[in-house]
Amino acid sequence: MFSIEPSRRNANGAGGEAGSEMSEVVLQQATASSVATDRARILVRLALVDRIFRELTRGAAIAVLVILGGVILSLVYGSWPAMKAFGFGFLVSQAWNPVTDNFGALPAIYGTILTSVIAMLIAIPVGLGIAVFLTELCPHVFRRPIGTAIELLAGIPSIIYGIWGLFVLAPFLQSHVQPALIAAFGDIPLFSTLFAGPPYGIGILTAGFILAIMVLPFVASISRDVFETVPPVLKEAASGIGCTTWEVMRYVVMPYTRVGVIGGVMLGLGRALGETMAVTFVIGNAHKISGSLLAPGTTISATIANEFTEAVGDLYTSALIELGLILFVITFFVLAIARYMLMRIEQKAA
Amino acid sequence: MSLYASRRSANSTATTLCWVAAVFGLAWLFLILIALLYEGLRGLSPAVFTQMTPPPGSDGGLLNAIFGSLIMTVIGVAIGTPLGMLAGTYMAEYGRYSKLTTVVRFINDILLSAPSIVVGLFVYTMLVHPMGHFSAISGAVALALLVIPVVVRTTEDMLLLVPGSMREAASALGAPRAHVVSRVAYRAAKAGLITGVLLAIARVSGETAPLLFTALNNQFWSTDLAAPMASLPVVIFQFALSPYKDWQQLAWTGALLITVAVLALSIAARTLSAGRRKSK
């Protein structure tokens, strides 16, 4: 088709009719096909289909790359006004005032990191414990059902954890756990600031705890999968020379799977950092940094979820998009490290 | 003898702690499910499926939200699945050892667990802002962007499981590559591919964050794709945070519906791939 383009233009330029030119092309094709055998024609067609299909799949693969690039570019584009207005000060400013159009990301970054740290402090030991339990201790009959249940729980939408946190966990913590914490740590110097203030129920600690419950199934099921990559021969050899179950885990399984476990934990961390709904319900959405874990705070994703639709003014919207960009950059690096480590354990297993 | 005793006590301490961890962790997860069943079932009635979301203080259901969720999920999956499958096909069939595949696989894995709210921001700047208003179609696009990584991943994994000898046999008969892929590899991996789509639907159907500022919400029945549309997760979010008891009850019921749907989809996906593994 493309090769006839210039000749057609010439014909047009010479005053010839486009219609007659077209019929000539059709005629040429007809004679060509009458000369060629059916076989050749089919082969050409198949080769064409093959090529189209190949290029189509290639295009789709490239599209996946373009999407990620598009996400980054659009976030940079959207946050440009805020970047120009606040510069690097955005990252360390505690201001959040829509009325005077003065914004800073520090409280949100602080809340995001603190809730995720609390979540991982709980989820790592408990998740690893579940993984060890499932691979070594659990009676064989229950291994598959419990393992499957945990994997299914990993798929439950985060909004479910959020609504449960709001209606069940927060009131419970408020009336039972937090007063006890305040009473217990009130007189100890460092802890008294950490557990200061009235028991709101909602706040940083509650959000961290919900996140912990949410990432628990991830950490547990990935660690279990990773533990299962250990060749049985290694474990049997250790047991054979008289190691206890714990020693087999501690000196054979864990060193062998360290990289993979760290990868799984980082994946859980990536999830916790970016989690929106489970946190938004219980964080309290307060743009301030308070030393107390019981005080309300905010996270990047909770701020965006709570305020984006109500944001008036370009700078406000832009500041929220820049928060999104910061979140994306943080999680990108965490996830990239996680994937790299999981890739290494997969290569080891293969 | 004391060495044995200390090793033994270390062992029993560690195993006890693992038991405790397992019981502690699983207890929370089951507590959530029990609370969800208890609170959700209380509000379950036919009205939930036949009436619109009510203003506070009057009776109503979740019909428009359920419909909105369904329609946006269907469109999202319809956009995301072909693209994801084609990309996965390239990675497993054409460019198995190419640089592009390695890069795409890495990027795709990151997209797979990237914060979904960022996807919402992306669609907002790309679609909602230029259009000037929130719309169901931008919500569907946001969901499609979440479907793609899941489908890419499972398609690649499942096609890689198809034995090379089957492809070689087809090629030896003179079948061109496109036919080898579509008539042999796809067929052999069919159960796995369907599993991927089911998992993607499960993942997407509970997503709230990307819908908050793309599809927004709608109090009324709407089938207009260019207008804001209600969806179950967003309605749950709005109703749960409201001070009205009847709205909160509807939020619980909606949460139960989503959970049941997601669990049913995951179990279906699991049974499909388990049946496949057995037949192999």
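Residues numbered from 1 in each chain as written. Chains lettered and ligands numbered in written order. Predicted model: local features only at pLDDT ≥ 70, side-chain atom pairs only at ≥ 80, totals over all residues. Heavy atoms only, no water.

1. Side note on the overall build of chain A
Link 1 in the chain: Along its length, chain A carries 14 helices and 2 strands.
Link 2 in the chain: When contacts within chain A are restricted to residue pairs at least 6 apart in sequence, those whose partners lie at least 24 apart make up 72%.
Link 3 in the chain: Surface summary for chain A: the accessible area is close to 16500 Å², and the carbon and sulfur share equals 67%. (Helix = DSSP H or I, 4+ residues; strand = E, 2+ residues; numbered from the N terminus. Contact = heavy atoms within 4.5 Å. Areas by Shrake-Rupley, 256 points an atom, 1.4 Å probe, with all protein chains shown as cover.)

2. Overview of the packing of helix α14 (residues 314–349) of chain A against helix α5 (residues 116–131) of chain B
Link 1 in the chain: Two numbers describe how α14 of chain A lies on α5 of chain B: the axes approach to 10 Å, and their chain directions differ by 135°. Taken together, α14 of chain A and α5 of chain B sit at an angle that is classed as oblique. As α14 of chain A packs across α5 of chain B, the resulting crossing turns out to be left-handed. Facing α14 of chain A, whose interface residues are Thr-317, Leu-320, Ile-321, Gly-324, Leu-327 and Phe-328 of chain A, α5 of chain B presents Ile-117, Val-118, Leu-121, Tyr-124 and Thr-125 of chain B.
Link 2 in the chain: Grouping the amino acids of the contact of α14 of chain A with α5 of chain B by side-chain chemistry returns 8 nonpolar, 3 polar and no charged. (Axes fitted to C-alpha atoms, helices over the stretch in contact; angles between N-to-C directions. Parallel < 35°, antiparallel > 145°, perpendicular 65-115°, else oblique. Left-handed = near helix turned anticlockwise from the far one by under 90°. Nonpolar A, V, L, I, M, F, W, Y, C, P; charged D, E, K, R; others polar.)

3. Thoughts on the layout of surface pockets
Link 1 in the chain: Empty space within the second largest pocket amounts to approximately 320 Å³.
Link 2 in the chain: Taken together, 17 residues form the lining of the second largest pocket, with Asp-314, Thr-317 and Ile-321 of chain A together with Tyr-124 and His-129 of chain B sitting closest to its centre.
Link 3 in the chain: Only α3 (38–86) and α14 of chain A together with α5 of chain B provide two or more residues apiece to the lining of the second largest pocket.
Link 4 in the chain: With 4 residues, α14 of chain A is the largest single contributor of residues to the lining of the second largest pocket.
Link 5 in the chain: The residue makeup of the lining of the second largest pocket, split by class, is 8 nonpolar, 7 polar and 2 charged. (1 Å grid on protein atoms, 1.4 Å probe; cavity = no way out; pocket = protein on both sides within 12 Å on 5 of 7 lines; lining within 4 Å. Points joined across faces, edges and corners; volume = space filled by probe spheres on them.)

4. Observations regarding the interface of chain B and chain A
Note: interface size is frequently given as the accessible area lost on complex formation between the parts.
Link 1 in the chain: Each partner contributes to the interface: chain B provides 78 residues, whereas chain A provides 82 residues.
Link 2 in the chain: Two residues, Glu-247 of chain A and Arg-7 of chain B, come together in a salt bridge whose shortest N-O distance is 2.7 Å.
Link 3 in the chain: Between the two partners, chain B and chain A, sit 6 residue pairs in polar contact (both at pLDDT 80 or more).
Link 4 in the chain: Here the element with the most residues in the side of chain B that touches chain A is helix α1 (residues 2–42) of chain B; it accounts for 19 residues.
Link 5 in the chain: Here the side of chain B that touches chain A is built from residues that sort into 60 nonpolar, 13 polar and 5 charged. (Salt bridge = Lys/Arg side-chain N within 4 Å of Asp/Glu carboxyl O. Polar contact = N/O pair within 3.5 Å; in protein donor to acceptor, adjacent residues only side chain to side chain.)

5. Focus: the pattern of salt bridges
Link 1 in the chain: Considering all chains together, one arrives at 15 salt bridges over all chains under this definition.
Link 2 in the chain: Two residues, Asp-109 of chain B and Arg-153 of chain B, come together in a salt bridge whose shortest N-O distance is 3.0 Å. Of the two residues, Asp-109 of chain B sits in helix α4 (residues 99–113) while Arg-153 of chain B sits in helix α6 (residues 136–161), which places them 44 residues apart along the sequence.
Link 3 in the chain: Residue classification places Arg-153 of chain B among the partly exposed positions, given a relative accessible area of 24%.
Link 4 in the chain: The closest approach of N and O atoms between Arg-153 of chain B and Asp-157 of chain B, which form a salt bridge, is 3.5 Å. Highlighted residues: Arg-153 of chain B and Asp-157 of chain B, both in helix α6, separated by 4 residues, approximately one helical turn.
Link 5 in the chain: With relative accessibility at 32%, the residue Asp-157 of chain B sits in the partly exposed group.
Link 6 in the chain: A network of salt bridges, in which partner residues are shared, links Glu-151, Arg-224 and Asp-225 of chain A together with Arg-270 of chain B. (Buried < 20%, exposed > 50% of the residue type's maximum accessible area, 1.4 Å probe, protein only.)

6. Let's talk about the environment of Gly-201 of chain A
Link 1 in the chain: Examined against the element boundaries, Gly-201 of chain A turns out to sit in the loop between α8 (189–194) and α9 (204–227).
Link 2 in the chain: Along the primary structure Gly-201 of chain A and Pro-179 of chain A are separated by 22 residues, whereas in three dimensions their C-alpha atoms are 9.9 Å apart.

7. Considerations on the confidence of the model for chain B
Link 1 in the chain: Across chain B, the average pLDDT comes to 89, with 98% of residues at or above 70.
Link 2 in the chain: No element of chain B has a lower mean pLDDT than helix α12 (residues 245–279) of chain B, which averages 85, and none a higher one than helix α3 (residues 63–94) of chain B, which averages 94. (pLDDT = per-residue confidence, 0-100.)

8. Considerations on the packing of aromatic side chains
Residue and element names in this part refer to chain A.
Link 1 in the chain: Applying the stated rule across the entire model yields 21 aromatic pairs over all chains.
Link 2 in the chain: Taking the centre distance of 5.0 Å and the plane angle of 15° together, the rings of Phe-103 and Tyr-316 count as stacked. Taken together, the positions of Phe-103 in strand β2 (residues 102–103) and Tyr-316 in helix α14 put the pair 213 residues apart, joining distant regions of the chain.
Link 3 in the chain: On the accessibility criterion, Tyr-316 (8% relative accessible area) is buried.
Link 4 in the chain: Residues Phe-332 and Phe-333 carry aromatic rings whose centres are separated by 5.9 Å and whose planes lie at 85° to one another, so their mutual orientation is edge-to-face.
Link 5 in the chain: The partly exposed category is assigned to Phe-332, whose relative accessible area is 21%. (Phe/Tyr/Trp six-rings, centres within 6.5 Å; stacked < 30°, edge-to-face > 60°.)

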